[in-house]
Amino acid sequence: MASGIFDTPIFGIVNKLFASLIDAPVVGSLVRRGLINIRYVGRRSGKTIETPVGYQRSGDSIVINVMSPDSKTWWRNFLGEGGPITLLKLDGQDRAGHAVADRDANGRVKVKVRLA
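Here goes a summary of the coordinates provided. (Residues numbered from 1 in each chain as written. Predicted model: local features only at pLDDT ≥ 70, side-chain atom pairs only at ≥ 80, totals over all residues. Heavy atoms only, no water.)

**Examining the packing of aromatic side chains**
Counted only if it meets this: Two aromatic rings from Phe, Tyr or Trp, using only the six-membered ring of Trp, form a pair when their centres are within 6.5 Å; if the ring planes differ by under 30 degrees the pair is stacked, by over 60 it is edge-to-face, and anything between is tilted. Starting at the N terminus, helices and strands are each numbered in turn, a helix being any DSSP run of H or I of at least four residues and a strand any DSSP run of E of at least two. Relative accessibility decides the category of a residue: with a 1.4 Å probe and only protein chains considered, values under 20% of the type maximum give buried, values over 50% give exposed, and everything between is partly exposed.
For the structure shown, the criterion picks out 3 aromatic pairs. Taken together, a centroid distance of 6.5 Å and an interplanar angle of 40° make the contact between Tyr 40 and Trp 74 tilted. Residue Tyr 40 is found in strand S1 (residues 35-41), and its partner Trp 74 is found in the loop between strand S4 (61-66) and strand S5 (83-90); the two are separated by 34 residues along the sequence. Comparing Tyr 40 with Trp 74 shows no difference in burial state: the two are buried. Look at Tyr 40 and Phe 78: their rings are 5.5 Å apart centre to centre, the planes differ by 70°, and that puts the pair in the edge-to-face class. Taken together, the residues span a long stretch of sequence, with Tyr 40 in strand S1 and Phe 78 in the loop between S4 and S5 at a distance of 38 residues. Relative accessible area serves as the criterion here: at 5%, Tyr 40 is assigned to the buried category.

Here it is in structure tokens:
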């Protein structure tokens, strides 16, 4: 796994800051246009995990472009046939979906979510 900013303790603090901005009264609606918290269950650990991610939406389709995928592991839960995911407070409510991760020839990773 590559090292870098995503492996530093400060990144956990930054993640928590952005996660809290999603629900902030004044800026929350602006932040939610491109950032959302996701919830999923780890395939191996069985633990429920929540993390903020950047996303793009087109109708009932969501695309999450994973920055520095070699420094992160969450997206690997959605390889192959993919798995269930919840997008928290999307349009004011939690929305369930099915996510599938794909890595292209250049190493870029996209997680495509089809909302239920």
